[in-house]
Amino acid sequence: LAKEFGATETINVQNTDPTDAIRELTGGRGVDFTLECTGNVAVLRQAVDALAMPGTCAVIGGAPAEAEFSLDHLTVLWGRTVKGVLGGEGQSSRLIPTLIELQRLGRFPFQRMVEFFSLEAVNDAMEASARGEVLKPVLRMPAV
């Protein structure tokens, strides 16, 4: 799906270490930016380790409240930055109209990224997401 949406490279993390693959793709340099969107602290560490120096990792994923991660001193010493991002940094007034326009032009087919579940099927939604079968599960709430 990522390739269909324009990704030039994809990495299957089930059989490849993503940090090693990124280093290989970039000639050992790493990338300038990473986005951690999973809420998984092991993935966060990989996202930081894949950075070039300097480089920035934006943390978007919602890990559990007590989740912790650690970085060794040398990981950030040479200019790497880990930055938390909350709510898209308040750009909704620009982002949402842009996404609507991209959808209208056929360039953002979000319906291919979501699957709807009833509220009663919340566990099914979570399990499908964990298995990688669903990119973005959406719960439909009952009408009141």
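The coordinates are above.
Residues numbered from 1 in each chain as written. Predicted model: local features only at pLDDT ≥ 70, side-chain atom pairs only at ≥ 80, totals over all residues. Heavy atoms only, no water.

**Q** Explanation requested: unusual backbone geometry in the structure shown.
**A** Excluding glycine, most residues fall at negative phi; most peptide bonds, likewise, are trans. Geometrically, the link from Met 53 to Pro 54 is a cis peptide bond, its omega value of -5 degrees lying close to zero. Relative to the assigned elements, Pro 54 resides in strand E2 (residues 51-59). (Helix = DSSP H or I, 4+ residues; strand = E, 2+ residues; numbered from the N terminus.)

**Q** Teacher, can you tell me more about a nonpolar patch on the surface here?
**A** A contiguous nonpolar patch, built from Leu 119, Val 122, Met 126, Leu 139 and Met 141 and spanning about 440 Å² of accessible area, is present on the exposed surface. You can see Met 141 is positioned in the segment after strand E5 (136-140). Judged by its relative accessible area of 59%, Met 141 is exposed. (Patch = residues over 30% accessible without salt bridge, like charges linked within 9 Å, V, L, I, M, F, W, Y side chains within 5 Å. Areas by Shrake-Rupley, 256 points an atom, 1.4 Å probe, with all protein chains shown as cover. Salt bridge = Lys/Arg side-chain N within 4 Å of Asp/Glu carboxyl O. Buried < 20%, exposed > 50% of the residue type's maximum accessible area, 1.4 Å probe, protein only.)

**Q** Just to check I follow, could you spell out the side chain of Glu 36 for this structure?
**A** As for its placement among the helices and strands, Glu 36 is situated in strand E1 (residues 31-36). Buried charge Glu 36 goes without a salt bridge, the closest partner of opposite sign being Lys 136 at 12 Å. One polar contact links Glu 36 to Thr 38, side chain to side chain, over a distance of 2.3 Å. When neighbours within four sequence positions are excluded, Glu 36 is seen to be in contact with Val 43, Leu 44, Ala 47, Cys 57, Ala 58, Val 59, Ile 60 and Gly 61. (Lys, Arg positive; Asp, Glu negative; His and termini not counted. Polar contact = N/O pair within 3.5 Å; in protein donor to acceptor, adjacent residues only side chain to side chain. Contact = heavy atoms within 4.5 Å.)

**Q** I tried to follow the nonpolar core on my own but got confused; where do I start?
**A** The nonpolar side chains of a soluble globular protein tend to be buried, and buried together. Counting residues in each nonpolar core, the largest one holds six residues, listed as Leu 44, Ala 47, Val 48, Leu 51, Cys 57 and Val 59. Leaving out residues up to four positions away in the same chain, Leu 44 has contacts with Glu 36, Cys 57, Val 59 and Phe 69. Counting residues in hydrophobic clusters, the runner-up holds five residues, among them Phe 117, Ala 125, Ala 128 and Val 134. (Core = buried A, V, L, I, M, F, W, Y, C linked by side-chain atoms within 4.5 Å.)

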